Amino acid sequence: MYRKDIPLEERLILALDVPSVDEARSWVRSLDGIVRFYKVGLQLFLAGHFSFVDELVESGKKVFLDLKLFDIPNTVAKAMEQINLHGVTFTTVHAESAILKAAVEAAPKVGILAVTVLTSMDQEDLKAIGAGASLEDIVIARASLAARAGCFGVVASGKEAHAIRRTLGDSLVIVTPGVRPASSSDRGDQKRVVTPEEAVKNGADYIVVGRPVLRARDPLGMVEKIMEELKQSLD
Ligand SMILES: O=C(O)c1cc(=O)[nH]c(=O)n1[C@@H]1O[C@H](COP(=O)(O)O)[C@@H](O)[C@H]1O
């Protein structure tokens, strides 16, 4: 079951996967009063650095800084110390025990989300890198590491959200990307997709959406549709 204490306007995290700060600003402006939570990923961070992150935070938006850190614990801890200075709500770290523990310790002000298995991967992709276990077992193993390391939550596909809830209860928030509204036929590079409704029903607390909004003919209409679907899916 998803967490009940999160306002509806914060459950949709818009992925600002755009090449410039100007474009990002224009999205945020056009969604003022509708979307309150934004994800800054590698592309935009490399364009706008922390000054754009600070601008978003100062304007009252919540920021998910998605840099998917993966390095030795000391290096991740030093990077996390920088992130800890900027008022971001969530940031991502790949799920390995010592790395997660180092990240949590170094950034007490940031909600650390452990990346389980990317939504662009399927069982075949895992096999190709020598992982013999089932995709779901790997997601559960990584989510369990996240819980033990004191992470705030995990990034996981809506396909495995239910299994995470079944195994770990509601100790972690679940942030779900790879979301495609039923009307959207374009999955892009995503292999494990769910609708907003399926994500919530399976236990996701937040959904992350990029291209279905950014490439929509009517982006505002798409956001409203997703919000409405979220609202209907919450009890
Ligand atoms: O950490 C993430 O946010 C993430 C994890 C994951 O497993 N899959 C995934 O798609 N994402 C991010 O979620 C967003 C999804 O974008 P769209 O596929 O365009 O909706 C992108 O910014 C990805 O970087």
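Residues numbered from 1 in each chain as written. Predicted model: local features only at pLDDT ≥ 70, side-chain atom pairs only at ≥ 80, totals over all residues. Heavy atoms only, no water.

As recorded in an unreviewed UniProt entry, the protein goes by Orotidine 5'-phosphate decarboxylase and comes from Thermodesulforhabdus norvegica. Entered under Subunit (unreviewed entry) in the UniProt record, the comment concerning the protein runs "Homodimer." Looking at the protein in UniProt, the text filed under Sequence similarities (unreviewed entry) is "Belongs to the OMP decarboxylase family. Type 1 subfamily." (UniProt positions renumbered as here; feature names shortened; annotations may be inferred.)

1. Considerations on the overall build of the protein
Scanning the protein for helices and strands turns up 10 helices and eight strands. For 235 residues, the compact-globule estimate of 2.2 N^0.38 gives 18 Å, and the C-alpha radius of gyration of the protein, at 17 Å, lies within 12% of that figure. Within the protein, the proportion of its 235 residues that are buried is 53%. Total accessible area computed for the protein in this model is approximately 10,700 Å², and 52% of it derives from carbon and sulfur atoms. (Helix = DSSP H or I, 4+ residues; strand = E, 2+ residues; numbered from the N terminus. Rg over C-alpha atoms; globule rule 2.2 N^0.38 Å. Buried < 20%, exposed > 50% of the residue type's maximum accessible area, 1.4 Å probe, protein only. Areas by Shrake-Rupley, 256 points an atom, 1.4 Å probe, with all protein chains shown as cover.)

2. Here we look at the nonpolar core
Formed by 73 residues in total, the largest nonpolar core has its most connected members in Leu16 and Met80. Ranked by residue count, the leading element in this core is helix 6 (residues 135-149), at seven residues. Contact partners of Met80, with chain neighbours within four places excluded, come to Leu69, Thr91, Val93, Ala103, Ala106, Ala107 and Ile112. Of all hydrophobic cores here, the second largest spans 12 residues; its members include Ile6, Leu113, Val173 and Val175. (Core = buried A, V, L, I, M, F, W, Y, C linked by side-chain atoms within 4.5 Å. Contact = heavy atoms within 4.5 Å.)

3. Side note on the pattern of salt bridges
Within this structure, the stated rule accounts for 14 salt bridges. Taking the shortest distance from any N to any O, the salt bridge between Glu10 and Arg36 comes out at 2.8 Å. A residue pair is termed long-range when its members are at least 10 positions apart, and Glu10 in the segment before strand 1 (12-15) and Arg36 in the loop between helix 1 (21-30) and strand 2 (37-40) qualify at 26 residues. Assessed through its relative accessible area of 7%, Glu10 is described here as buried. (Salt bridge = Lys/Arg side-chain N within 4 Å of Asp/Glu carboxyl O.)

4. Examining the UniProt feature "active site" (unreviewed entry) in the protein
Under the feature "active site" (unreviewed entry), the UniProt entry names Asp66, Lys68 and Asp71. Excluding residues within four positions of it along the chain, Asp66 makes contact with Lys39, Val40, Gly41, Leu42 and Thr92. Tracing the backbone shows Lys68 in strand 3 (residues 62-69). Leaving out residues up to four positions away in the same chain, Lys68 has contacts with Thr92, His94, Val115 and Leu118.

5. Let's talk about the site of the ligand
The full set close to the ligand counts 18 residues, and Asp17, Lys39, Thr119, Gln190 and Arg211 are the nearest of them. Between Thr119 and the ligand, the recorded distance is 2.7 Å, taken from a side-chain N or O atom to a nitrogen atom. Residue Arg211 places a main-chain N or O atom 2.7 Å away from an oxygen atom belonging to the ligand. The fraction of the free accessible surface of the ligand (510 Å²) that becomes covered by protein chains is 90%. Breaking the shell around the ligand down by element, the ones donating at least two residues are strand 3, strand 8 (206-209) and helix 9 (211-214). In terms of residues, the shell around the ligand owes the most to one element, strand 3, which gives three residues. Taken together, the residues that form the shell around the ligand break down as eight nonpolar, four polar and six charged. (Near = heavy atom within 4 Å. Polar contact = N/O pair within 3.5 Å; in protein donor to acceptor, adjacent residues only side chain to side chain. Nonpolar A, V, L, I, M, F, W, Y, C, P; charged D, E, K, R; others polar.)

6. Here's the deal with the packing of helix 6 against helix 7 (residues 158-168)
Where helix 6 meets helix 7, the closest approach of the two axes is 10 Å, and the angle between their N-to-C directions is 50 degrees. When the interaxial angle is binned, helix 6 and helix 7 end up oblique. Helix 6 and helix 7 meet at a crossing whose hand is right-handed. On helix 7, the residues that touch Leu135, Glu136, Val139, Ile140, Ala143, Ser144 and Ala147 of helix 6 are Glu160, Ala163, Ile164, Arg166, Thr167 and Leu168. Class assignment for the residues of the contact of helix 6 with helix 7 results in eight nonpolar, two polar and three charged. (Axes fitted to C-alpha atoms, helices over the stretch in contact; angles between N-to-C directions. Parallel < 35°, antiparallel > 145°, perpendicular 65-115°, else oblique. Left-handed = near helix turned anticlockwise from the far one by under 90°.)

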